[in-house]
Amino acid sequence: SQQGEEDPQALSIQEGENATMNCSYKTSINNLQWYRQNSGRGLVHLILIRSNEREKHSGRLRVTLDTSKKSSSLLITASRAADTASYFCATDGLSGGNNRLAFGKGNQVVVIP
Amino acid sequence: DVKVTQSSRYLVKRTGEKVFLECVQDMDHENMFWYRQDPGLGLRLIYFSYDVKMKEKGDIPEGYSVSREKKERFSLILESASTNQTSMYLCASSLIGVATGELFFGEGSRLTVL
């Protein structure tokens, strides 16, 4: 069953601005991952945050995880036109069986040059 | 570089045809996955395999079967294609259990069933 659920909104921002998107999930997790998908392409892994971590950084990306609220956020700082893509969160549920990742529906981000 | 290759980027088939979607990874990964992606529905897991000749159903296995005869190759089979199987199909692999690992995706196969 699908766990990761992003706020289902399209986000349009100017280059240089920050972009924030959220993800909520329903059951306990081992970790939460964020992926990016450019139009018509496969998904690319961005960052993984474990259930015992609260915040993680990777370059211009900052991910937070609040297990008490079952939610995560992805912040992209100083956005660039190349950041235009769909962003998905994915969770592996502790009760969902091994080797399964459940993806959210995605959040489309458009960065205007 | 890690690579997952899907044999066909675009396919057009007719209702009732048998369709094979091939996926090959060159990373010696144990786990391989087939997802389908539809607008508004996100990615849904069809089948996955954690070893050669091993497979498990995902969330939407109906109308699909899979084959994993070699570690590097995972095939998705539509025995009798139907129009509701028109979709983007994504193959992925991972080295270890998803509990600690990331998925590597292919570029996708866009299937249209007429």
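Refer to the structure presented above.
Before going into details, it helps to say that this report is about the structure given with it. Every chain is numbered on its own, with residues counted from 1 as its sequence reads. In the order they appear in the text, chains get letters beginning with A and ligands get numbers beginning with 1. The model is predicted, so local features are restricted to residues of pLDDT at least 70 and side-chain atom pairs to those at 80 or more, both for listing and for counting; the totals for chains, interfaces and linings are taken over all residues. Only heavy atoms go into the side-chain values, all of them from the structure, while hydrogens and water stay out.

### Describing the nonpolar core
A:Leu32, A:Trp34, A:Leu74 and A:Tyr87 are the most contacted members of the largest nonpolar core, which totals 22 residues. Helix numbers and strand numbers start at the N terminus; a helix is a DSSP run of H or I with at least 4 residues, a strand a run of E with at least 2. For this core, the secondary structure elements donating two or more residues are strand E2 (11-14), strand E3 (19-24), strand E4 (29-37), strand E5 (43-50), strand E7 (61-66), strand E8 (71-76), strand E9 (85-93) and strand E11 (107-112) of chain A. In terms of nonpolar packing, the next biggest core, distinct from the first, is built from 21 residues, B:Met32, B:Trp34, B:Leu76 and B:Leu111 among them. Put simply, buried Ala, Val, Leu, Ile, Met, Phe, Trp, Tyr and Cys residues joined by side-chain atoms within 4.5 Å make one nonpolar core. Burial status follows relative accessibility: with a 1.4 Å probe on protein chains alone, a residue under 20% of its type maximum counts as buried, one over 50% as exposed, and anything between as partly exposed.

### Here's the deal with the pairing of strand E9 (residues 87-94) of chain B
All names here are of chain B. With respect to burial, E9 is a largely interior element, eight of its eight residues being buried. Alternating residues of E9 divide into Ser87, Tyr89, Cys91 and Ser93 and Met88, Leu90, Ala92 and Ser94, and every residue in both groups is buried. Here, strands pair whenever DSSP counts at least two bridges between them. Inspection of the sheet shows strand E4 (residues 31-38) paired to E9 by seven bridges, in the antiparallel sense. Looking at E9, one finds that Asn31 is bridged to Ser94. As defined by bridge partners, E9 adjoins strand E11 (residues 109-113) across three bridges and the pair is classed as antiparallel. Following the sheet pairing, Tyr89 is matched in E11 by Ser109. Sheet analysis places E9 next to strand E10 (residues 104-105), joined by two bridges and oriented antiparallel.

### Observations regarding unusual backbone geometry
All names here are of chain A. Of note, Lys70 is a non-glycine position whose phi angle comes to about 55°, a positive value. Position of Lys70 among the secondary structure elements: in the loop between E7 and E8. Backbone geometry places Ala78, a non-glycine residue, at a positive phi of 45°. Mapped onto the elements of the fold, Ala78 is located in the loop between E8 and E9.

### Structural notes on the side chain of B:Gln6
Residue and element names in this part refer to chain B. With respect to the secondary-structure elements, Gln6 resides in strand E1 (residues 4-6). Of note is the side chain of Gln6, whose polar atom sits 3.1 Å from the backbone nitrogen of Gly108. Counted as a polar contact is a pair of N or O atoms within 3.5 Å, where, for protein atoms, one must be capable of donating a hydrogen and the other of accepting one, and residues adjacent in sequence contribute only when both atoms are in side chains. Polar contacts involving the side chain of Gln6 include one to the side chain of Ser109, which spans 3.0 Å. Contact between two residues is taken to exist if any of their heavy atoms lie within 4.5 Å; hydrogens are not considered. Apart from the residues within four sequence positions on either side, Gln6 is in contact with Glu22, Trp34, Tyr89, Leu90, Cys91, Gly106, Glu107, Gly108 and Ser109.

### Quick look at the pattern of salt bridges
Here the idea is simple: oppositely charged side chains can pair when their charged atoms come close. Salt bridges, as used here, are contacts in which a Lys or Arg side-chain nitrogen is within 4 Å of a carboxyl oxygen on Asp or Glu. Inspection of every chain in the model, using the stated rule, returns ten salt bridges over all chains. Connected via shared salt-bridge partners are B:Asp28, B:Glu30 and B:Lys71.

### A word on the packing of aromatic side chains
Only the six-membered ring of Trp is used, alongside the rings of Phe and Tyr, when aromatic pairs are assigned; centres must lie within 6.5 Å, and planes under 30 degrees apart are stacked while those over 60 apart are edge-to-face, with the rest tilted. Counting across every chain of the model gives eight aromatic pairs over all chains. A ring pair is formed by A:Tyr35 and B:Phe105, whose centres lie 5.8 Å apart and whose planes are at 85°; its orientation type is edge-to-face. Residue A:Tyr35 is found in strand E4, and its partner B:Phe105 is found in strand E10; the two belong to separate chains. Neither residue differs from the other here; A:Tyr35 and B:Phe105 are each classed as buried. Geometrically, the ring pair formed by A:Phe103 and B:Phe105 is edge-to-face, given 6.0 Å between the ring centres and 75° between the ring planes. Of this pair, A:Phe103 sits in strand E10 (residues 102-103) while B:Phe105 sits in strand E10, on two different chains. Considered together, A:Phe103 and B:Phe105 belong to a single accessibility category, that of buried residues. Among the aromatic side chains, those forming a connected cluster through ring pairs are A:Tyr35, A:Phe103, B:Phe33, B:Tyr35, B:Phe48 and B:Phe105.

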